[in-house]
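Survey of secondary and tertiary structure
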Amino acid sequence: NAGVTQTPKFRILKIGQSMTLQCTQDMNHNYMYWYRQDPGMGLKLIYYSVGAGITDKGEVPNGYNVSRSTTEDFPLRLELAAPSQTSVYFCATGGYGNQPQHFGDGTRLSIL
Amino acid sequence: QKEVEQDPGPLSVPEGAIVSLNCTYSNSAFQYFMWYRQYSRKGPELLMYTYSSGNKEDGRFTAQVDKSSKYISLFIRDSQPSDSATYLCAMSARETSGSRLTFGEGTQLTVNP
């Protein structure tokens, strides 16, 4: 049982490039979330989804886009990468509202 | 002002010590309280999950919630080197669609053999 799988684990991008961070879950959870974690800042919610076809903005959505075409997949898209997007990105899932969230191991992204 | 305040540490203790980790919060709507443990280069993993005020115990770990003071704690008894990690508190309000967790910034703990 893989749980929450994130790919790639590491990536270096140049300013202005774009990329997609992948997140796949096999827990059959409706809720999926994208967070970024910066040193000394905790985790900040970027986007979340309550089910296939439904997404909503979190606390720090600017510069990112998401889609949710299936229950299993919730990719995060970075367009026109900027140095401020250098961070560790975590995908998480949850069964129902207010239930504990389960996290993947993250994607470490550097933008130079 | 941050909604959730957590002392980032670092905190260094000898093996066998009792560790106390704390968070304070300002949003009285928070009803669900969690502690996550995060090892280096790994994702957060859920350690304790509580609802309402009071204590919850699981092995060497005890979570305590005091809603009147807006204060939560995690106690680790007989700490082990394997407990060395960053501990994140998280909380959420009653919401029926999506669970928007608000995290503290984490406390880095080192348990020395």
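Rules used throughout
- Residues numbered from 1 in each chain as written.
- Chains lettered and ligands numbered in written order.
- Predicted model: local features only at pLDDT ≥ 70, side-chain atom pairs only at ≥ 80, totals over all residues.
- Heavy atoms only, no water.
- Disulfide = S-S within 2.5 Å.
- Helix = DSSP H or I, 4+ residues; strand = E, 2+ residues; numbered from the N terminus.
- Buried < 20%, exposed > 50% of the residue type's maximum accessible area, 1.4 Å probe, protein only.
- Salt bridge = Lys/Arg side-chain N within 4 Å of Asp/Glu carboxyl O.
- Core = buried A, V, L, I, M, F, W, Y, C linked by side-chain atoms within 4.5 Å.
- Contact = heavy atoms within 4.5 Å.
- Pairing = 2+ DSSP bridges.
- Axes fitted to C-alpha atoms, helices over the stretch in contact; angles between N-to-C directions.
- Phe/Tyr/Trp six-rings, centres within 6.5 Å; stacked < 30°, edge-to-face > 60°.
- Lys NZ or Arg CZ within 6 Å of the ring centre and 35° of its normal.

All chains considered together, the criterion is met by two disulfides over all chains. Covalently, Cys-23 of chain A is tied to Cys-91 of chain A through a disulfide, its sulfur atoms 1.9 Å apart. Across the S-S bond linking Cys-23 of chain A and Cys-91 of chain A, the dihedral sits near -70°, which makes this disulfide left-handed. Taken together, the residues span a long stretch of sequence, with Cys-23 of chain A in strand β3 (residues 19-25) and Cys-91 of chain A in strand β9 (residues 87-94) at a distance of 68 residues. With respect to burial, Cys-23 of chain A and Cys-91 of chain A carry one shared label: buried. Residue Cys-23 of chain B pairs covalently with Cys-89 of chain B via a disulfide, S to S 2.0 Å. Its S-S torsion of about -100° marks the bond between Cys-23 of chain B and Cys-89 of chain B as left-handed, since a negative value means left-handed. Remark: Cys-89 of chain B occurs in strand β9 (residues 85-93) and Cys-23 of chain B occurs in strand β3 (residues 19-25); sequence separation between them is 66 residues. Using a relative accessible area of 1% as the deciding quantity, one classes Cys-23 of chain B as buried. With relative accessibility at 0%, the residue Cys-89 of chain B sits in the buried group.

A few words now on the pattern of salt bridges. Residues and elements named next belong to chain A. Tallied over the entire structure, the rule returns eight salt bridges over all chains. For the salt bridge of Asp-38 with Arg-36, the shortest nitrogen-to-oxygen distance reads 3.1 Å. A relative accessible area of 19% places Asp-38 in the buried class. Here Glu-59 ties to Lys-44 by a salt bridge, and the two come within 3.7 Å at their closest N and O atoms. Residue Glu-59 is found in the loop between β6 (54-57) and β7 (64-66), and its partner Lys-44 is found in strand β5 (residues 42-51); the two are separated by 15 residues along the sequence.

Of all hydrophobic cores here, the largest spans 25 residues; its most connected members are Trp-35, Ile-72, Leu-74, Tyr-87 and Met-91 of chain B. Looking at this core, the elements with two or more residues in it are β3, β4 (30-38), β5 (45-51), β7 (61-66), β8 (71-76), β9 and β11 (107-112) of chain B. The biggest single contributor to this core is β9 of chain B, with five residues. When near neighbours in sequence (up to four residues on either side) are disregarded, Leu-74 of chain B contacts Val-19, Ser-20, Leu-21, Trp-35, Leu-47, Met-48, Phe-61, Thr-62, Ala-63 and Tyr-87 of chain B. Core analysis: the next-biggest nonpolar cluster, separate from the first, contains 19 residues, Leu-13, Phe-74, Tyr-89 and Cys-91 of chain A among them.

Attention shifts here to the sheet that holds strand β8 (residues 76-78) of chain A. Residues and elements named next belong to chain A. The sheet built from four strands is open, its strands ordered β1-β3-β8-β7 with antiparallel pairing. In this open sheet, the two edge strands, each paired with only one partner strand, are β1 (4-7) and β7. This sheet shows a mean twist of 20° between the axes of neighbouring strands, independent of strand direction. Taken together, the three bridges between β7 and β8 define a ladder with antiparallel strand orientation. Bridge pairing links Val-66 to Leu-76 in β8.

Okay, the packing of aromatic side chains next. For the coordinates displayed, the defined rule picks out 13 aromatic pairs over all chains. Ring geometry for Tyr-33 of chain A versus Tyr-48 of chain A: centroids 6.3 Å apart, planes at 20°, classification stacked. Highlighted residues: Tyr-33 of chain A in strand β4 (residues 31-38) and Tyr-48 of chain A in strand β5, separated in sequence by 15 residues. The exposure class of Tyr-48 of chain A is buried, given its relative accessible area of 7%. Taking 5.4 Å as the distance between ring centres and 85° as the angle between the ring planes, the aromatic pair formed by Phe-103 of chain A and Tyr-36 of chain B counts as edge-to-face. Taken together, the positions of Phe-103 of chain A in strand β10 (residues 102-103) and Tyr-36 of chain B in strand β4 put the pair across two chains. The exposure class of Phe-103 of chain A is buried, given its relative accessible area of 11%. In this arrangement the basic side chain of Arg-68 of chain A is found over the ring face of Phe-74 of chain A, its NZ or CZ atom lying 6.0 Å from the centre.

This part covers the sheet that holds strand β1 (residues 4-6) of chain B. All names here are of chain B. Taken together, five strands build an open sheet; the order of strands is β1-β3-β8-β7-β6 and the sheet is antiparallel. Looking at which strands have only one partner, the edges of the open sheet turn out to be β1 and β6 (54-58). Direction aside, the axes of adjacent strands within the sheet are offset by 15° on average. For β6 and β7, the ladder comprises five bridges, and the chain directions are antiparallel. Paired with Glu-57 across the strands is Thr-62, a residue of β7.

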